[in-house]
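In case you want the letters, here they are:
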Amino acid sequence: MRLTINLLVIVLILVVSGIKAQSTIAGFLPVEPSYRQDIPDPQTFFGHIPGERHLSHDQIVSYARELERLSERLVIEEYARSHENRPLLYLIFTSKENQKNLGQLKERHAQFSDPGQNIPADDVPLVILLGYGVHGNESSAPNAAVVTMYYLAAAEGPSIDSLLNKTIILVDPSLNPDGLTRHSTWVNMHQGKTDVSDPASRGFSEAWPGGRTNHYWFDLNRDYLFVVHPESKGRIQKFHEWKPNIVNDHHEMGANSTFFFQPGIFSRINPLVPLRNHELTANIAAFHSRKFDERGELYYTEESFDDFYLGKGSSYPDVNGSVGILYEQAGYRGKVRETTQGIKTLASAVKNQFDLSLSTLEAGMKLRKDLLKSQKAFFQESLEMAKNDPVKAYVLGENHDPQKLGAFTEILTTHRIKFYALTRQSTINNLEFQPGKAIIIPMNQPQYRLIRGMMETNTRFADSTFYDVSTWTLPLAFGLQYAEIRNQRDLPEMMSDTPSETLMTSGALIGPEESYAWLMSWDDYSAPAALWQLQQAGIRTLVATRNFKAGPESSVRDYSYGTILIPVSGQKQSKAELFSLLKNITEKWAVNIHGVSTGMTSSGIDLGSNYFIPLKKPEILMIIGETVSSREAGEIWHLLDQRYEIPVTLAEITSLDRIDLNRYTNIILPGGNLRSISQRGTQKLKDWVSEGGILMAMGDANQWIADKELAKLTFKNTVRPDTTLQVIYAGREETATIHSISGVILKAEMDISHPLLYGYNQKELPIFKSGIRVANTPSGQFTAPVRFAKNPLLSGYISKKNLERLEGAPVVTSIANGSGRVISIFEPMNFRGTWLAGNKIVANALFFGGAIR
Ligand SMILES: [Zn+2]
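Residues numbered from 1 in each chain as written. Predicted model: local features only at pLDDT ≥ 70, side-chain atom pairs only at ≥ 80, totals over all residues. Heavy atoms only, no water.

### Quick word on the overall build of the protein chain
Logical step 1: When helices and strands are tallied, the protein chain shows 24 helices and 35 strands.
Logical step 2: For 853 residues, the compact-globule estimate of 2.2 N^0.38 gives 29 Å, and the protein chain sits close to it at 29 Å.
Logical step 3: Accessible surface, the protein chain as shown: approximately 34600 Å² in total, 50% of it carbon and sulfur.
Logical step 4: Taken together, the 87 basic and 91 acidic charged side chains of the protein chain have centroids lying 2 Å from each other. (Helix = DSSP H or I, 4+ residues; strand = E, 2+ residues; numbered from the N terminus. Rg over C-alpha atoms; globule rule 2.2 N^0.38 Å. Areas by Shrake-Rupley, 256 points an atom, 1.4 Å probe, with all protein chains shown as cover. Lys, Arg positive; Asp, Glu negative; His and termini not counted. Charge placed at Lys NZ, Arg CZ, Asp CG, Glu CD.)

Right, dumping it as structure tokens:
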């Protein structure tokens, strides 16, 4: 009995001291070192202890600048600006002496892992990158960053001196500035003088779209491979500049959890990651567990979060010579919160994230040689692996649209992957590659693993559960044709001697000012952007719905479906004004526009033919908010706004009953559950379509379309796991995922003469599919211009039953409704901003939806 009472007393003391421990800044910091008095700690600078209020990105930046001003240990590099123009910073901490030769140290560190160099490890600094809060609403991470920054700038004593002498520590305090800004504003505006810990309080549930994502509602922690956004692009460039040995990625998970740190699930590590990384991660984890054991903090490892998808912040480093480590603190989304683990505070979460930042630094010091050796070995092994790989190189080409190939090379350059120009015409696997329109990526280079990670397809898997997608083959995403080269001897005569730079494309206006009419091919990636700019300037445009040949006898050109005709007569502008406008557009958008001197073509339709259909400028409204999928809405918004510079009105889903729809030609319903559209809103939408509107419904929004009978759509039954099979209770999660589709690449077949497919030259298209919904082919002719092919699997995991279910099913349907039309697009056409292969279908629906007869 006495023992129990004593224990209770001890527990009480611990609990009380635990809370007390973080009532001043001293409670967050290690006890031994002293701190420089002239450097303000976070409590002094912000006027409250960490966790008392949620810091905004701008506050974190101002503190960083103040530390830089006062401490000789710190310099700051700005590596990017977010979409909302907030700076992304690398805080570079090292000793005062090291700061004087920072450039040299960086170079020596890079040279050390270069397989061609031999530099003793003793002369090389270890580089550790601590990254916080790629998800903007996981606030303990950036709020802990300021404590880390203070410690590194102001702590004094032999142990910090020796750390800073041997190490360069990069602190990336707020990886997602725009998301953090939304989140911190939301939480702070709901916080009163007295604490409310009830999770039902509004502050704990953010309003749509929440703070997790960036400005365009993209998950930046999926963007490390595709580098679509400035945040990721700058981050990856900096990563390669510094080649950190350890990369910490600090996150939050559900409020009722404890703390997770990697190693993650062993069986689901991507096979391209060296096994050694798992060991090193476990060795680093030992430092974390010691830290938490001392404090009695609960944690776990190995049972969740895998490193299969390579585009995440903790897995990208693993295929680039570093060790990436994921940290998941329980997320409270407020200052104080009731959880099943007790009442929890943001301050305690900050303390956890900071403590494991410190134990990472300790681990780095102790494991320094192993980490450096591992990085060096990584690149040497990569060259060995390349030698043993039957694939010696990839050739990639695009014969009709140089811009897509150019965009692809930009990604290669960002990832420091070398590529070369194809120097002679080559036919491989019945695919024709032309010099100037194709590149070669040899495998024999230090980035071998990443090349495979980006290029390969995979259809065999040991496990059916994926934390993220099961495949992401980049050439398929871009719709590029590509082939393997397996004979090393073929290579030298096929490729240029020196690596290429990012391919820049340019356009031109070809023809005299007096031309009779102008013609723009729809093949170029930016053609929709160019068309919109023409229409915006009030230029009359028409689209060709049949093929033809035109041009002077010496240079007759083929013009295919979708060619845009710009007549000179009947325009408000003079010939000269039109000429100058067209010239600007060809330069800005890198498209070619050709002049012709007669309306008579050499074959096919003439320019005055009824097969040219006049076009209207699209006025676009997109429904967003509440139950709409912010990811799917964001992918469309990003495509239209960033890539095409076409404005789109973003309207709240509940406001549909108030808006006058007559000014819009096109309305987009992104995926999601649209139940918040009122009865009146639904009726207005129905009337608008039947009177000529073009409604584009994405993904799951089509269930609503079917329910409300805007179009006659039906769906196939889903495949369910066989419940009669005897499986053990503990294995139920694996069984449940057998028939889910978590991201797979499938082949579709298209009718490229259909207006929704103008600009495509191949009849096959790679489609990214996630989610199990599959539609039936609607009745009527030409209603399903894109369908899944027979044996459609190109890459990724899908069950056999699901594959059979998909064969021949529509990907895109086009169904007339009165004088309008409902265009259903069942799969994402701009998945993660990188599925360029599908972008033109979206553009076609907007520009040519009204031209479908
Ligand atoms: Zn996260």
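From this point, things continue past the structure.
### Description of the environment of Trp 835
Logical step 1: Relative to the assigned elements, Trp 835 resides in the loop between strand 35 (820-825) and helix 24 (836-848).
Logical step 2: When the C-alpha atoms of Trp 835 and Ala 508 are compared, they prove to be 27 Å apart, with 327 residues separating the residues in sequence.
Logical step 3: When sequence neighbours within four positions are dropped, the list of residues in contact with Trp 835 reads Leu 476, Ala 477, Ile 745, Pro 766, Ile 767, Phe 768, Met 829 and Asn 830.
Logical step 4: Engagement of the side chain of Trp 835 in a polar contact is seen with the backbone oxygen of Pro 766, the distance being 3.0 Å. (Contact = heavy atoms within 4.5 Å. Polar contact = N/O pair within 3.5 Å; in protein donor to acceptor, adjacent residues only side chain to side chain.)

### Notes on the pattern of salt bridges
Close approach of charged atoms allows side chains with opposite charge to pair.
Logical step 1: Overall, the coordinates contain 43 salt bridges when judged by the stated rule.
Logical step 2: The salt bridge involving Arg 333 is made with Glu 252; its shortest N-O contact spans 4.0 Å. Residue Arg 333 is located in the loop between strand 9 (323-330) and strand 10 (336-339), and its partner Glu 252 is located in strand 7 (residues 246-253); the two are separated by 81 residues in the primary sequence.
Logical step 3: Close ionic contact of Glu 493 with Arg 424 constitutes a salt bridge, the shortest N to O distance being 2.9 Å. Placement of the pair is Glu 493 in helix 16 (residues 491-494) and Arg 424 in the loop between strand 13 (420-421) and strand 14 (426-428), with a sequence separation of 69 residues.
Logical step 4: Residues joined by salt bridges that share partners form a network here, namely Asp 58, Glu 84, Arg 86 and Asp 178. (Salt bridge = Lys/Arg side-chain N within 4 Å of Asp/Glu carboxyl O.)

### Let's talk about the sheet that holds strand 13
Logical step 1: Judged by pairing direction, the sheet is antiparallel, and its 4 strands sit side by side in the order 13-16-12-17 without closing on themselves. Either end of the sheet is taken by a strand with one partner, and the two such strands are strand 13 and strand 17 (481-485).
Logical step 2: Against the sheet, helix 13 (residues 402-414) contacts strand 12 (393-397) and strand 16 (438-442), and its axis sits at roughly 25 degrees relative to strand 16. (Pairing = 2+ DSSP bridges. Axes fitted to C-alpha atoms, helices over the stretch in contact; angles between N-to-C directions.)

### What about the side chain of Gln 403?
Logical step 1: Note that Gln 403 resides in helix 13.
Logical step 2: Here Trp 589 takes part through its backbone oxygen, which lies 2.8 Å from a polar atom of the side chain of Gln 403.
Logical step 3: Beyond its immediate chain neighbours, meaning those up to four positions away, Gln 403 contacts Thr 505, Asp 524, Tyr 525, Ser 526, Trp 589, Ala 590 and Val 591.

### What to know about helix 24
Logical step 1: Compared with an ideal rise of 1.5 Å per residue, which puts 13 residues at 18 Å, helix 24 spans 19 Å between its outermost C-alpha atoms and is within 8% of the ideal.
Logical step 2: Taking burial as the measure, the 13 residues of helix 24 include 13 buried ones, the bulk of the element. (Expected span 1.5 Å × (residues − 1). Buried < 20%, exposed > 50% of the residue type's maximum accessible area, 1.4 Å probe, protein only.)

### Some remarks on unusual backbone geometry
Logical step 1: Here the amide bond leading from Trp 208 into Pro 209 is cis, since omega sits at 5 degrees, within 30 degrees of zero.
Logical step 2: The residue Pro 209 is located in the loop between helix 8 (177-189) and helix 9 (230-242) in this model.
Logical step 3: For the bond from Gln 262 to Pro 263, the omega torsion is 20 degrees, close enough to zero to count as cis.
Logical step 4: If you trace the backbone, Pro 263 turns up in the loop between strand 8 (259-261) and helix 10 (275-295).
Logical step 5: Notably, Trp 217 is not glycine yet its phi reads approximately 65 degrees, a positive angle.
Logical step 6: With respect to the helices and strands, the residue Trp 217 is situated in the loop between helix 8 and helix 9.

### Let's talk about the sheet that holds strand 18 (residues 509-510)
Logical step 1: The 6 strands lie next to each other as 18-24-19-23-20-26, forming an open sheet whose pairing is mixed. Here the strands that pair on one side only, and so sit at the sheet edges, are strand 18 and strand 26 (612-614).

### Quick look at empty space enclosed by the protein
Logical step 1: Summed over the entire model, instances satisfying the criterion amount to 3 cavities of 30 Å³ or more.
Logical step 2: Of the pockets and cavities examined, the largest cavity occupies roughly 140 Å³.
Logical step 3: Lining of the largest cavity is provided by 15 residues; of these, Leu 129, Tyr 224, Arg 235, Val 247 and Gly 313 occupy positions nearest its centre.
Logical step 4: Within the residue set of the lining of the largest cavity, elements represented by two or more residues are strand 4 (126-132), helix 9 and strand 7.
Logical step 5: Taken as a whole, the second largest cavity spans an internal volume of roughly 100 Å³.
Logical step 6: Surrounding the second largest cavity, 14 residues form its lining, Gly 264, Ile 269, His 278, Thr 281 and Asp 307 being those nearest its centre.
Logical step 7: Of all the elements, helix 10 adds the most residues to the lining of the second largest cavity, at 3 residues.
Logical step 8: Of the residues belonging to the lining of the second largest cavity, the class tally is 5 nonpolar, 6 polar and 3 charged. (1 Å grid on protein atoms, 1.4 Å probe; cavity = no way out; pocket = protein on both sides within 12 Å on 5 of 7 lines; lining within 4 Å. Points joined across faces, edges and corners; volume = space filled by probe spheres on them. Nonpolar A, V, L, I, M, F, W, Y, C, P; charged D, E, K, R; others polar.)

### Quick look at the domain arrangement of the protein chain
Logical step 1: Per the domain assignment, the segments making up the protein chain are domain 1 (33-383), domain 2 (389-494), domain 3 (509-614) and domain 4 (620-851).
Logical step 2: Each of domain 2 and domain 3 was reduced to a C-alpha centroid, and the two centroids are 34 Å apart.
Logical step 3: Taken together, the contact between domain 2 and domain 3 spans 5 residues of the former and 7 residues of the latter.
Logical step 4: Both faces considered, domain 2 and domain 3 share a buried interface measuring about 410 Å² in area, 38% of it formed by carbon and sulfur atoms.
Logical step 5: On the domain 2 side of the contact with domain 3, His 400, Asp 401 and Gln 403 bury the most area, a combined 87% of that side's loss.
Logical step 6: In this assembly, domain 2 and domain 3 are joined by 0 salt bridges. (Domains from an automatic or database assignment. Buried area = accessible area lost by both parts, 1.4 Å probe.)

### A look at the pairing of strand 23 (residues 564-567)
Logical step 1: Here strand 23 shows two buried faces, one formed by Ile 564 and Ile 566 and the other by Leu 565 and Pro 567.
Logical step 2: The pairing of strand 19 (residues 517-520) with strand 23 spans 4 bridges and is antiparallel. The partner of Ala 517 across the bridge, within strand 23, is Pro 567.
Logical step 3: Bridge count for strand 20 (residues 542-544) against strand 23 is 2 bridges, and the pairing is antiparallel. Directly across from Leu 542, in strand 23, lies its bridge partner Leu 565.

### Focus: helix 3 (residues 57-70)
Logical step 1: With 14 residues, helix 3 should reach 20 Å at 1.5 Å per residue; the first-to-last C-alpha distance of 20 Å fits that figure.
Logical step 2: All buried positions along helix 3 are accounted for by His 57, Ile 60, Val 61, Tyr 63, Ala 64, Glu 66, Leu 67 and Leu 70.
Logical step 3: Along its buried surface, helix 3 packs onto helix 2 (42-46), strand 2 (74-81), strand 3 (87-93), helix 6 (140-154) and helix 8.

### Here we look at the nonpolar core
Logical step 1: Ranked by internal contacts, the top residues of the largest apolar core, which has 171 residues, are Ile 441, Ile 667, Leu 669, Leu 695 and Ile 705.
Logical step 2: Looking at this core, the element that brings in the most residues is helix 24, giving 9 residues.
Logical step 3: If sequence neighbours within four positions are ignored, Leu 669 has contacts with Ile 623, Leu 674, Leu 685, Leu 695, Met 696, Ala 697, Met 698, Ala 701, Trp 704 and Ile 705.
Logical step 4: Among the nonpolar cores identified, the runner-up in size contains 67 residues, and Ala 153, Phe 287, Leu 356 and Leu 371 belong to it. (Core = buried A, V, L, I, M, F, W, Y, C linked by side-chain atoms within 4.5 Å.)

### A look at the packing of helix 17 (residues 527-536) against helix 24
Logical step 1: Running from N to C, helix 17 and helix 24 point in directions that differ by 25 degrees, and their axes come no closer than 11 Å. On the basis of their axis angle, the class for helix 17 and helix 24 is roughly parallel. Considering how the two elements wind past one another, helix 17 and helix 24 form a crossing that is left-handed. Residues Pro 528, Leu 531, Trp 532 and Gln 535 of helix 17 touch helix 24, and the partners they reach there are Lys 840, Ala 843 and Phe 847.
Logical step 2: For the contact of helix 17 with helix 24, the per-class residue count stands at 5 nonpolar, 1 polar and 1 charged. (Parallel < 35°, antiparallel > 145°, perpendicular 65-115°, else oblique. Left-handed = near helix turned anticlockwise from the far one by under 90°.)

### Focus on the confidence of the model for the protein chain
Logical step 1: Taken as a whole, the protein chain shows an average pLDDT of 94; of its residues, 95% reach a score of 70 or greater.
Logical step 2: Across residues 1-20 the pLDDT falls below 50, and counting only partners more than four positions away or on other chains, this stretch makes 1 contact in the model. (pLDDT = per-residue confidence, 0-100.)

### Considering the environment of Ile 646
Logical step 1: Structurally, Ile 646 can be placed in the loop between helix 19 (630-643) and strand 28 (649-652).
Logical step 2: Overall, the relative accessible area of 1% leaves Ile 646 in the buried class.
Logical step 3: A sequence separation of 437 residues divides Ile 646 from Pro 209, and the C-alpha atoms of the two residues are 22 Å apart.
Logical step 4: If near-sequence neighbours (up to four positions away) are discounted, Ile 646 is found in contact with Pro 528, Trp 532, Ile 620, Leu 640, Asp 641 and Phe 847.

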